[in-house]
Amino acid sequence: MSESGHSQPGLYGIERRRRWKEPGSGGPQNLSGPGGRERDYIAPWERERRDASEETSTSVMQKTPIILSKPPAERPPPPTAPAAPPAPAPLEKPIVLMKPREEGKGPVAVTGASTPEGTAPPPPAAPAPPKGEKEGQRPTQPVYQIQNRGMGTAAPAAMDPVVGQAKLLPPERMKHSIKLVDDQMNWCDSAIEYLLDQTDVLVVGVLGLQGTGKSMVMSLLSANTPEEDQRTYVFRAQSAEMKERGGNQTSGIDFFITQERIVFLDTQPILSPSILDHLINNDRKLPPEYNLPHTYVEMQSLQIAAFLFTVCHVVIVVQDWFTDLSLYSHESSSSSGSDEGTEYYPHLVFLQNKARREDFCPRKLRQMHLMIDQLMAHSHLRYKGTLSMLQCNVFPGLPPDFLDSEVNLFLVPFMDSEAESENPPRAGPGSSPLFSLLPGYRGHPSFQSLVSKLRSQVMSMARPQLSHTILTEKNWFHYAARIWDGVRKSSALAEYSRLLA
């Protein structure tokens, strides 16, 4: 206190201070010591206000933390496996490695390029195929764009054009038929080279007795015309020498496919006397399950008929006279034995080859349709409703309902009738000169016109599904191979063979 008895100003206020020595590492020190640092005493409320202001300034002035790392050139290399091969030297130009296209996947391009030291290699980029591209499409010359750092423009990848065009090329066009089943009744695999992986295929087979013209009819339906030489037909027809000897030209089953993807199967004659004569006179060894030659010939005919009825959409039965009852008995026995709808049955077409002029008479035509309908009444084969001579204007004067029971019957005249029509018989000397200028009466359309109508009707027939799945051409070939093996080992045919013996 002062002499006047009043307190000195600032004694208990801010100016009242207590001097302390800043504590060091050794604890509090003497205030009077040398080098000591004085610190003013701060009131508790003042200390709280200063602490709040310091915290605010600290939060405002705080900076974002920075993580320092070494540059890429100074980083240690990552550990590698001891068995890993050394890295290849950098290349000057990018390299594109093409991987073959797999089924359902696009091509894969693997690129590589040289990069400067200290920089990460840029990732290669190959454009994906367009969304509108369908599965199975393969471009002729695929081009892959490679994006690389330091390259001004994208360079197309070098590729052999043969790689892209190999699968787009059509198969080789057949010039003649090949063997599907040889004369020893063994299956041949050479036909698969001409088949594709597509499902739009029609299979046409033929059955008939010896010398009825099966090979000629199949050649005219597939690739040849009547004007061509018969020696150039895709299915070799019976030569004059073979006719004189009474032999058969076709043995086993011959195969031919057109550019329109239509398969034609020509077969050896059923119940052939020339095959039986060959077995007897040449002492040919029979299979162990057959004891007599005629039993073996008949079983061959049944096996071929059963095979065609299973793997063909259309089966043409060729006959040159009307008619042989043994032919219909074999067709009925090969197709019966199960309820309709549980098995597959093809379209059956009866072709009357070498028809005479009186066969085209409407009354005779009605009798032939009625007889075939009665003979095939118990068969499950589709022998009616798919082919008609009345609907193709062969008989323009007959109404569509002229035939009560119309079957799939078609008439074709002699091929030599074209030569007779060019030089028809003229009228006698006493007749009028006007009639001498008119052509002779044939009673039917021309041979070429009838073959063209037959071809158009056969090609337009429905193609029923052969199995429970849709078959491609190659799948059909493997399916036919299994069917032929099953027919050869059929227990039903083996039992029938024992009954014949």
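Whatever comes next refers back to the structure up there.
Residues numbered from 1 in each chain as written. Predicted model: local features only at pLDDT ≥ 70, side-chain atom pairs only at ≥ 80, totals over all residues. Heavy atoms only, no water.

Trainee: Residue-level account of the pattern of salt bridges, with values.
Mentor: Enumeration according to the criterion identifies 9 salt bridges in this entry. A salt bridge links D229 to R231; the nearest nitrogen and oxygen atoms lie 2.9 Å apart. Ionic pairing is found between E473 and R261, a salt bridge with its closest N-O pair at 2.8 Å. In this pair, E473 sits in helix 12 (residues 473-488) while R261 sits in the loop between strand 7 (253-257) and strand 8 (262-267), placing the two residues 212 residues apart along the sequence. When its relative accessible area of 1% is taken as the criterion, E473 is described as buried. (Salt bridge = Lys/Arg side-chain N within 4 Å of Asp/Glu carboxyl O. Helix = DSSP H or I, 4+ residues; strand = E, 2+ residues; numbered from the N terminus. Buried < 20%, exposed > 50% of the residue type's maximum accessible area, 1.4 Å probe, protein only.)

Trainee: So, empty space enclosed by the protein: which residues are in play, and what are the values?
Mentor: Applying the stated criterion across every chain, the model contains 5 cavities of 30 Å³ or more. Contributing to the lining of the largest cavity are V217, L220, L221, L351, N353, V412, F447, V451 and L454. Those elements that place two or more of their residues in the lining of the largest cavity are helix 3 (214-222), strand 10 (347-355) and helix 11 (447-459). For the lining of the largest cavity, a count of residues per class yields 8 nonpolar, 1 polar and no charged. (1 Å grid on protein atoms, 1.4 Å probe; cavity = no way out; pocket = protein on both sides within 12 Å on 5 of 7 lines; lining within 4 Å. Points joined across faces, edges and corners; volume = space filled by probe spheres on them. Nonpolar A, V, L, I, M, F, W, Y, C, P; charged D, E, K, R; others polar.)

Trainee: Give me unusual backbone geometry: which residues, what numbers.
Mentor: Most peptide bonds take the trans configuration, and most residues that are not glycine carry a negative phi. With omega at -5 degrees, the peptide bond leading from F322 into T323 counts as cis. Structurally, T323 can be placed in the loop between strand 9 (314-319) and helix 7 (325-335). Positive phi values are uncommon outside glycine, yet R261 reaches one of about 60 degrees. Taking the relative accessible area as the measure of exposure, R261 reaches 10% and is therefore buried. Positive phi, close to 60 degrees, is recorded for K354, a residue that is not glycine. The residue K354 is located in strand 10 in this model.

Trainee: Give me the lowdown on the sheet that holds strand 6 (residues 202-208), citing residues and values where you can.
Mentor: Read from one edge to the other, the open sheet built from 7 strands follows the order 5-7-8-6-9-10-11, with strand pairing classed as mixed. Each edge of the open sheet is held by one strand with a lone partner, namely strand 5 (178-181) and strand 11 (409-413). With direction set aside, neighbouring strand axes in the sheet form an average angle of 30 degrees. In this sheet, strand 8 lies alongside strand 7 in antiparallel orientation, the contact comprising 5 bridges. From the neighbouring strand, D254 faces strand 8, where its bridge partner is D266. Running at roughly 135 degrees to strand 11, helix 8 (residues 362-375) makes contact with strand 10 and strand 11 of the sheet. (Pairing = 2+ DSSP bridges. Axes fitted to C-alpha atoms, helices over the stretch in contact; angles between N-to-C directions. Contact = heavy atoms within 4.5 Å.)

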